[in-house]
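# Architecture and fold: a report
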Amino acid sequence: MTAPIDPELIAVLKRLRLGRIALTLPERLVLAEKQSMSHEELLLLVLTDEIARREASATDNRVRAAELHPDMRLELWDKTAKVSFDKRLLATLTSLRFLEEHQHVVILGSVGVGKTFLSNALGHIACKHGYGVRFLRADAMLKLLKQSRLDNSRDAEMAALTSVDLLILDDFALDAMSKEESKDVYQLFLERTGRASMIVTSNRDTAEWLAMFDDVLLAQSAVDRFKNAAYDFVVEGESYRPRLKPQLDPDTKELVSPRNKPPVNPRSRRRR
């Protein structure tokens, strides 16, 4: 049984904006007594806890600001999925070397193979390491820029898109772009290439992007700049989306989110 923390100490911690220390302090005091810690060791342990809490909170804030899907993290990827990709390249990408070197990533694959999941997962890793991230569907970005012209905020919106550490564009080149949209993408690719990284997911190979632009010269210039500064990460296989579908637990009959349900071991399934 741990002794209650002195209310005066709690008040002092709150004034110093260290109130969360009081939540784990009783446990740390017990641990310090068991391990005969010195005062300095106990202080280091308590402050290290607070640093970890603050870093986790800052990461959560960056994830929310980026509008990343909270469940699309690499540790939640279903390894039994029938998709294939270059695992060595994924390891390189998760090291975030491409971000440090201001290079791009294009994730290519057919519908449903997990491109959005993997782009979100890389975004989560970037947030954890302190980078600013923004996730947008390509059509939503183009719509946003179109609307910004109406209230004269386009320059500010484009500045926000070009200045964030990592911009993730999902489902790029689904439809043909108008003249204004083509100019927007050209400017975006031009200003970010060599300065800041992008992750772009697409069902179309970069060679097919040219036909999506309204202007051939803009298309060639934009796509050439992008693809020559980008890693090609190709995902092939069956659709990953059924693995994200909520379902009833066969034992409890309760609705289970895929994030809370571990992948099924095929061997254990056969033994039933």
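None of the values given here were measured: they were computed from a predicted structure.

The helix and strand tally for the protein chain stands at 12 helices and nine strands. For the protein chain, the proportion of its 272 residues judged to be buried stands at 38%. When contacts within the protein chain are restricted to residue pairs at least 6 apart in sequence, those whose partners lie at least 24 apart make up 78%. Split by element, the accessible area of the protein chain, about 16,700 Å² in all, is 52% carbon and sulfur.

What follows is about the sheet that holds strand E2 (residues 104–108). One open sheet holds the five strands; their spatial order is E3-E4-E5-E2-E6, and the pairing between them is parallel. Sheet topology places strand E3 (133–137) and strand E6 (230–234) at the edges, where each strand pairs with a single neighbour. Pairwise comparison of adjacent strand axes, ignoring direction, gives a mean angle of 15° for this sheet. Where E2 and strand E5 (residues 197–202) come together, four bridges link them in parallel fashion. Across the sheet, the residue bridging to Val106 is Val200, located in E5. The strands touched by helix H6 (residues 115–128) are E2, E3, strand E4 (166–170), E5 and E6; relative to E3, the strand with the most contacts, the crossing angle is about 160°.

Our focus in this paragraph is the environment of Ser239. For Ser239, the location among the structural elements is in the loop between strand E7 (236–237) and strand E8 (247–248). Sequence separation of Ser239 and Gly112 is 127 residues, and the distance between their C-alpha atoms is 4.4 Å. Ser239 has contacts with Gly112 and Val113, leaving out every residue within four places of it along the chain.

So, on to H6. Over its 14 residues, H6 runs 20 Å from end to end, which matches the ideal 20 Å to within 8%, given 1.5 Å per residue. A positive phi of about 90° marks Gly130, the residue just after H6.

This brings us to the packing of helix H3 (residues 39–66) against H6. Across the interface, H3 lies against H6 with an axial gap of 8 Å and an inter-helix angle of 140°. By the angle between their axes, H3 is oblique relative to H6. Two packed elements cross with a definite hand, and for H3 against H6 that hand is right-handed. Across the interface between the two elements, Thr59, Arg62, Val63 and Ala66 of H3 pack against His124, Cys127 and Lys128 of H6. The residue makeup of the contact of H3 with H6, split by class, is three nonpolar, two polar and two charged.

Restricting attention to buried positions, one finds in helix H4 (residues 87–94) the residues Leu89, Leu90 and Leu93. All buried residues of H4 project into a common sector of 100° when viewed along the axis, lining one side. Facing away from the buried side of H4 by more than 90 degrees, the exposed set consists of Lys87 and Arg88. Along its buried surface, H4 packs onto helix H5 (97–100), E2, H6 and E6. Put simply, Asp86 is the residue that caps the front of H4, since its side-chain oxygen is 3.0 Å from the backbone nitrogen of Arg88. With its phi angle positive at about 65°, Leu96 sits one or two positions after the end of H4.

Attention now goes to the packing of aromatic side chains. Considering all chains together, one arrives at seven aromatic pairs under this definition. Both rings, one in Trp77 and one in Phe117, keep their centres 5.2 Å apart while their planes meet at 75°; by these two values the pair is edge-to-face. Taken as a pair, Trp77 in the loop between H3 and strand E1 (83–84) and Phe117 in helix H6 lie far apart in primary sequence, 40 residues in all. Using a relative accessible area of 3% as the deciding quantity, one classes Phe117 as buried. With 4.9 Å between their ring centres and 25° between their planes, Phe189 and Phe226 make a pair best called stacked. Linking Phe189 in helix H9 (residues 179–192) with Phe226 in helix H11 (residues 216–227), this pair joins segments that are 37 residues apart in sequence. This pair shows no difference in class: Phe189 is buried, exactly as Phe226 is.

To continue, consider the confidence of the model for the protein chain. Residues with a pLDDT of 70 or more make up 89% of the protein chain, whose mean pLDDT is 90. A low-confidence stretch, residues 262–272 (pLDDT under 50), is modelled with four contacts involving residues beyond four sequence positions or located in other chains.

Another aspect to go through is the pattern of salt bridges. By the definition in use, this model includes 10 salt bridges. Taking the shortest distance from any N to any O, the salt bridge between Arg54 and Glu50 comes out at 2.8 Å. With Arg54 and Glu50 both in helix H3 and four residues apart, the pair spans about one turn of that helix. With a shortest N-O distance of 2.8 Å, Arg73 and Glu75 are connected by a salt bridge. One continuous salt-bridge network, built from bridges that share partners, spans Arg20, Glu50, Arg53 and Arg54.

The rules behind each value
Residues numbered from 1 in each chain as written. Predicted model: local features only at pLDDT ≥ 70, side-chain atom pairs only at ≥ 80, totals over all residues. Heavy atoms only, no water. Helix = DSSP H or I, 4+ residues; strand = E, 2+ residues; numbered from the N terminus. Buried < 20%, exposed > 50% of the residue type's maximum accessible area, 1.4 Å probe, protein only. Contact = heavy atoms within 4.5 Å. Areas by Shrake-Rupley, 256 points an atom, 1.4 Å probe, with all protein chains shown as cover. Pairing = 2+ DSSP bridges. Axes fitted to C-alpha atoms, helices over the stretch in contact; angles between N-to-C directions. Expected span 1.5 Å × (residues − 1). Parallel < 35°, antiparallel > 145°, perpendicular 65-115°, else oblique. Left-handed = near helix turned anticlockwise from the far one by under 90°. Nonpolar A, V, L, I, M, F, W, Y, C, P; charged D, E, K, R; others polar. Arc of directions from axis to C-beta. Polar contact = N/O pair within 3.5 Å; in protein donor to acceptor, adjacent residues only side chain to side chain. Phe/Tyr/Trp six-rings, centres within 6.5 Å; stacked < 30°, edge-to-face > 60°. pLDDT = per-residue confidence, 0-100. Salt bridge = Lys/Arg side-chain N within 4 Å of Asp/Glu carboxyl O.

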